[in-house]
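These are the residues of each chain, in order.
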Amino acid sequence: MASGSDPLVGGGYPRSDDRVGHVQREVETVSGIMKENVQSLVQQGERLDELNSKTDDLLSEARNFKKSSTDMKNALWWKDMRMKLMIGGVVFVVVLIIFFNIKNATKTDEY
């Protein structure tokens, strides 16, 4: 065997050219993996930003819903109260009319 074609040099160690090539391939592999990791982190950061934005929107909508539901509850309470007051007023007027008619009827029976 010629020593130029033998990848191992005395003592079983690879030639320095092969070691450099091997190290370069490992560096390229690690570099590719690191680039993928960085891209993954950037995508996760974008997703987190999007999630934060959606959370803020949801919180804002929840506050608006609470305010509008409270306003509606109050409006319906006042509407119900007005109806009760009107019915109470009508009943009061009817009772007054009946009372005065009975009082007038008993007054005219006394004479």
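Summary of the structure given here. (Residues numbered from 1 in each chain as written. Predicted model: local features only at pLDDT ≥ 70, side-chain atom pairs only at ≥ 80, totals over all residues. Heavy atoms only, no water.)

**Here we look at the overall build of the protein chain**
For step 1, the next point in the chain: The number of helices and strands found in the protein chain is one helix and two strands.
For step 2, the next point in the chain: What you see in the protein chain, going N to C, is helices and strands ordered as β-β-α.
For step 3, the next point in the chain: Expressed as a percentage of its 111 residues, the buried residues of the protein chain come to 1%.
For step 4, the next point in the chain: On the protein chain, roughly 10,400 Å² of surface is accessible, and the fraction owed to carbon and sulfur atoms is 63%. (Helix = DSSP H or I, 4+ residues; strand = E, 2+ residues; numbered from the N terminus. Buried < 20%, exposed > 50% of the residue type's maximum accessible area, 1.4 Å probe, protein only. Areas by Shrake-Rupley, 256 points an atom, 1.4 Å probe, with all protein chains shown as cover.)

**A word on the packing of aromatic side chains**
For step 1, the next point in the chain: According to the stated counting rule, one finds two aromatic pairs in the structure shown.
For step 2, the next point in the chain: A centroid spacing of 4.8 Å and a plane angle of 80 degrees characterise the contact between W77 and W78, whose relative ring orientation is edge-to-face. (Phe/Tyr/Trp six-rings, centres within 6.5 Å; stacked < 30°, edge-to-face > 60°.)

**Some remarks on a nonpolar patch on the surface**
For step 1, the next point in the chain: A cluster of nonpolar residues, F92, V93, L96, I97, F99 and F100, forms a patch on the protein surface that exposes about 570 Å² of accessible area.
For step 2, the next point in the chain: Along the polypeptide, L96 turns up in helix α1 (residues 16-110). (Patch = residues over 30% accessible without salt bridge, like charges linked within 9 Å, V, L, I, M, F, W, Y side chains within 5 Å. Salt bridge = Lys/Arg side-chain N within 4 Å of Asp/Glu carboxyl O.)

**Quick notes on the pattern of salt bridges**
For step 1, the next point in the chain: Here the structure, examined in full by the defined rule, presents three salt bridges.
For step 2, the next point in the chain: For K54, the salt bridge goes to E50, with nearest N and O atoms at 3.3 Å. Pair noted here: K54 and E50 are both in helix α1, with a separation of four residues, about one helical turn.
For step 3, the next point in the chain: Where K84 meets D80, a salt bridge forms, and the shortest distance between an N and an O atom there is 3.4 Å. Note that K84 and D80 are positioned in helix α1 at a spacing of four residues, about one turn of the helix.
For step 4, the next point in the chain: Its relative accessible area of 39% is what places D80 among the partly exposed residues.

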